[in-house]
Every structure is written in structure tokens, then in C-alpha cells.
Amino acid sequence: MEALTASHHHIPLPLLQSPPQISSTLSSSSYRNLSFSAANKPSRSSSSFGTASIPRLVRPSTSYSSIRCGASSSSSAITQITEAEFPSVVLSSDRPVLVEFIASWCGPCRLISPAMEWLAKEYADRLTVVKIDHDANPKLIEEYKVYGLPALMLFKDGQEVSGSRREGAITKAKLKVYVDSLLDSISVA
């Protein structure tokens with residue numbers, strides 16, 4: 001953990017911890033009551049700077065083992081597939097398949113997860129939506145030249161639809177426009 005110095009006017013927190021709560025009392029000995037003297041050096045004797053009170057950081061009482069964004073996987077409308085399933089699920093499908101390439105470490109992938117879940121449910125009668133983990137399926141990543149995540153591609157009749165490739169985060173409204181235009185272009189809508 002980094003030490004508090006005159007050039008750093010923040011209190012360092014351990015990585016991968018939930019955000020601290022602001023409180024007037026401490027609940028854990030892990031964070032100490034800090035204040036600043038006139039020389040900007042930390043001290044433990046006072047909790048004020050001049051006349052203004054400094055809020056103290058408190059370690060949250062709840063322990064978090066993981067953080068999950070978006071819908072839970074148990075009610076997911078999107079199926080996660082592997083390289084082995086790709087030919088039968090995507091290439092042999094009799095309907096259009098929107099493939100989302102993702103990774104567990106990808107922030108933008110988690111960001112668009114709720115919009116993708118909505119899309120899968122909203123378009124369930126016209127489109128199949130699947131996701132493929134980037135790290136677990138390197139052959140597909142290489143074959144389809146996936147350079148950015150999340151990456152979206154539409155497949156119809158075993159082929160990638162021309163112009164369907166899209167990389168990066170997307171809003172729900174833009175996702176709807178993107179899919180509607182692709183479905184219109186392949187005459188499925």
C-alpha cells in the first residue's frame with residue numbers, strides 16, 4: 001500500500017475492495033483517523049484541518065466475493081458457446097445469429113450486458129444471440145480477426161453478414177438501430 005505523503009493528497013485504499021463509506025467514526029482498525037498538520041504531514045491526533053472536519057474512511061462491514069453486472073446468468077436469454085459448438089449453433093442455424101465476443105475482464109463487455117440481454121429477449125422471434133468468451137476460444141478469435149471487445153457480428157446462412165461487424169460499447173438505443181438495420185438488410189424483419 002502506498003504511503004500518504006505531502007505530494008499525495010489522498011488516502012490509499014487496497015485494490016479490489018468495494019468503495020469506502022464516509023462516516024464520522026471508524027469501524028475497523030485497518031483505517032486510522034488521519035488529519036493534516038500545517039506542514040501537510042499525516043498525524044493521528046486530530047480529526048480536523050483548521051475548523052473544517054475531515055471525513056474518515058470506514059471499511060465496509062460487508063464482504064464482497066464478486067461483482068456481477070447485468071442480468072444473472074440463470075435467467076439469461078443469451079447462450080454462451082464454445083469453438084466446438086460454433087459450427088452447429090451459428091453456422092448451421094436456419095435463422096440469423098448475432099455473436100457477441102466478450103471477456104470476463106472487459107469493462108465495456110459488462111457495460112453493454114444489460115442491453116444485450118434486452119436485445120436477446122426483444123428480438124427472440126427473429127434472431128438468436130450468443131456470446132463467446134475471447135480467452136477460452138482463441139481459434140475463433142484468430143479466424144474472425146477479433147481485435148476489440150466487445151465485438152458483435154451477425155451470421156446468416158453460415159456466413160458473416162457484410163458490414164455487420166461492430167466493436168466497442170454501444171447504447172441500447174444504438175444497439176436497436178444497429179440490429180434493425182442489419183435485419184432489414186437481410187430481409188428478416
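Residues numbered from 1 in each chain as written. Predicted model: local features only at pLDDT ≥ 70, side-chain atom pairs only at ≥ 80, totals over all residues. Heavy atoms only, no water.

## Describing the state of the cysteines
In plain terms, the rule: Cysteine sulfur atoms are paired as a disulfide whenever they fall within 2.5 Å. Each residue is placed in one exposure class: buried if its accessible area under a 1.4 Å probe, protein chains only, is under 20% of its type's maximum, exposed if it is over 50%, and partly exposed if it falls in between.
Counting across every chain of the model gives 1 disulfide. Sulfur-sulfur distance for the disulfide between C106 and C109 comes to 2.4 Å. In this structure, the disulfide formed by C106 and C109 twists by about 80° around the S-S bond and is classed as right-handed. We note that C106, like C109, is buried.

## Points about helix α4 (residues 172–185)
Basically, it comes down to this: Under the DSSP-based scheme used, a helix requires at least four consecutive residues in state H or I and a strand at least two consecutive residues in state E, with every element numbered from the N terminus. Expected span of a helix, by definition, is 1.5 Å for each gap between consecutive residues, and there is one gap fewer than residues. By construction, the arc corresponds to the directions joining the helix axis to the C-beta atoms. Every residue pair with non-hydrogen atoms within 4.5 Å of one another is taken to be in contact.
Spanning 14 residues, α4 covers 20 Å between terminal C-alpha atoms, matching the ideal 20 Å at 1.5 Å per step. Considered for burial, the residues of α4 that qualify are L175, Y178, V179, L182 and L183. Angularly, the buried residues of α4 cover 125° about the axis, an arc narrow enough to put them on a single face. With respect to the buried face of α4, the exposed residues turned more than 90 degrees away are A173, K174, V177, D184 and S185. On its buried face, α4 sits against β8 (97–102), α2 (107–122), β10 (151–156) and β12 (166–167). Where α4 ends, the next residue or the one after it, S187, has phi of about 60°, a positive value.

## Topic: the side chain of S93
For clarity, the threshold we go by: Nitrogen and oxygen atoms within 3.5 Å of one another constitute a polar contact, given that in protein one can donate a hydrogen and the other can accept it, and given that sequence-neighbouring residues count only through two side-chain atoms.
Of note, S93 is situated in the loop between α1 (86–91) and β8. Under the relative-accessibility criterion, S93 is labelled buried at 14%. Within the local environment of S93, its side chain forms a polar contact with the backbone oxygen of R95, the two atoms lying 2.9 Å apart.

## Examining the environment of A173
Among the structural elements, A173 can be located in helix α4. Separated by 58 residues in the primary sequence, A173 and A115 have C-alpha atoms spaced 8.9 Å apart.

## Brief notes about the confidence of the model for the protein
Do not read the predicted coordinates in detail wherever pLDDT is low. Counted only if it meets this: pLDDT expresses how confident the predictor is about each individual residue, on a scale running from 0 to 100.
Counting all residues, the mean pLDDT for the protein is 76, and 60% of those residues have values of 70 or more. Throughout residues 1–18 the model reports pLDDT below 50, and contacts reaching past four residues in sequence, or to other chains, amount to 22 contacts. Contacts from residues 57–73, a stretch scored under 50 in pLDDT, to residues over four places away or in other chains number 30 contacts.

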